[in-house]
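Fold and geometry: a report
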Amino acid sequence: LMLPASMDRVIISYCAITDTVLHTSLRASTSLFSLNLRGLPFLTEIPSEVMESLPMLCDLSIDDCFQFKHLHGLSHLSRLQHLGITKCPNLATPLGESDKARVLHGIATDDIPLVPQLLSRQGCSSLWILRIDESDQLREEDILQQFLSLNSLSFSCCKWTSLPDNLGTLTSLEHLC
């Protein structure tokens, strides 16, 4: 599978693509703006070298990839604005500080503790939008205090019995959904 270099958006979902085929395809996609990977049973990692080859990437979403373990080189994605990682229970963290995303506008995840493991300290303090999707358990809610610029916080299909106790400490928060 060779994607044209001019391709700007790619959605790959519910197919048996291997790491090798995906990595080879993405390395040639220098104009890629948006990448959505969903339900890929054999996806285990995205290495730093692949991230380096995606200089235009603004939106990255990885969902429902149960074997996904490694996400390296987020720091190479200098234009990345939105990151979504949900239903990837085997994701190995933490990343080294040099591998983490430096600045993001928004992140969507199913686990609050994952956020500071993907974002640098600067990224945490400048995050504007946080969406928690389909979370089974409210864990480590004190992490929310790291998001000093958080403007919008939303919870979707979470199985919690209550909201985080510390929402009142989010002084920049304007939207709660």
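Note: the structure precedes this text.
A brief structural summary. (Residues numbered from 1 in each chain as written. Predicted model: local features only at pLDDT ≥ 70, side-chain atom pairs only at ≥ 80, totals over all residues. Heavy atoms only, no water.)

Glancing now at the overall build of the protein. For the protein, the helix and strand inventory stands at four helices and ten strands. The N-to-C order of helical and strand elements in the protein reads β-α-β-β-α-β-β-β-β-α-α-β-β-β. The C-alpha radius of gyration computed for the protein amounts to 16 Å, which stays within 12% of the reference 16 Å derived for 177 residues, consistent with globular compactness. On the principal axes, the C-alpha backbone points of the protein span a range of 50 × 30 × 25 Å. Taken over 177 residues, the protein has a buried fraction of 47%. Summing over all exposed atoms, the protein offers an accessible surface of approximately 8700 Å²; the carbon and sulfur share of this is 52%. (Helix = DSSP H or I, 4+ residues; strand = E, 2+ residues; numbered from the N terminus. Rg over C-alpha atoms; globule rule 2.2 N^0.38 Å. Buried < 20%, exposed > 50% of the residue type's maximum accessible area, 1.4 Å probe, protein only. Areas by Shrake-Rupley, 256 points an atom, 1.4 Å probe, with all protein chains shown as cover.)

Moving on, we come to the packing of aromatic side chains. Going through the model one piece at a time under the given rule, you end up with one aromatic pair. Ring centres of Phe-155 and Trp-160 lie 5.0 Å apart, and the angle between their planes is 65°; on these two criteria the pair is classed as edge-to-face. (Phe/Tyr/Trp six-rings, centres within 6.5 Å; stacked < 30°, edge-to-face > 60°.)

This next bit is on helix H1 (residues 19-27). Among the residues of H1, those classed as buried are Asp-19, Leu-22, His-23, Ser-25 and Leu-26. Around the axis of H1, the buried residues are gathered within 165° of arc, so they sit on the same side. Looking at the packing, one finds that the buried side of H1 touches strand E1 (9-13), strand E2 (34-38), strand E3 (45-46) and helix H2 (48-52). (Arc of directions from axis to C-beta. Contact = heavy atoms within 4.5 Å.)

Taken in spatial order, the eight strands make up an open sheet running E1-E2-E4-E6-E7-E8-E9-E10, and their pairing is parallel. The open sheet has two edge strands, E1 and strand E10 (175-176), and neither has a second partner. (Pairing = 2+ DSSP bridges.)

One finds Leu-60, Ile-62, Leu-71, Leu-74 and Leu-130 to be the most contacted residues of the largest nonpolar core, which totals 50 residues. Aside from chain neighbours lying at most four places away, what touches Ile-62 is Leu-37, Leu-43, Ile-46, Phe-68, Leu-71, Gly-84, Ile-85, Thr-86 and Cys-88. (Core = buried A, V, L, I, M, F, W, Y, C linked by side-chain atoms within 4.5 Å.)

It is worth spelling out the environment of Leu-127 at this point. Along the chain, the position of Leu-127 falls in the loop between helix H4 (121-126) and strand E8 (129-133). Sequence separation between Leu-127 and Leu-26 is 101 residues, and the spatial gap between their C-alpha atoms is 27 Å.

Side chains Val-10 and Ile-12 of E1 all project onto a buried face; the interleaved residues Arg-9, Ile-11 and Ser-13 project onto a face where none is buried. Relative to E2, E1 runs parallel, the two being bridged by five bridges. Residue pairing in the sheet places Arg-9 in a bridge with Ser-34 of E2. With respect to chirality, the unit in which E1 leads through H1 into the neighbouring parallel E2 is right-handed. (Right-handed = clockwise from strand over helix to strand, strands pointing away.)

Despite not being glycine, Asp-64 shows a phi value in the positive range, around 60°. Turning to its location among the elements, Asp-64 is positioned in the loop between strand E4 (59-63) and strand E5 (70-71). Relative accessible area serves as the criterion here: at 19%, Asp-64 is assigned to the buried category.

Interpretation in functional terms is not warranted from these geometric data alone.
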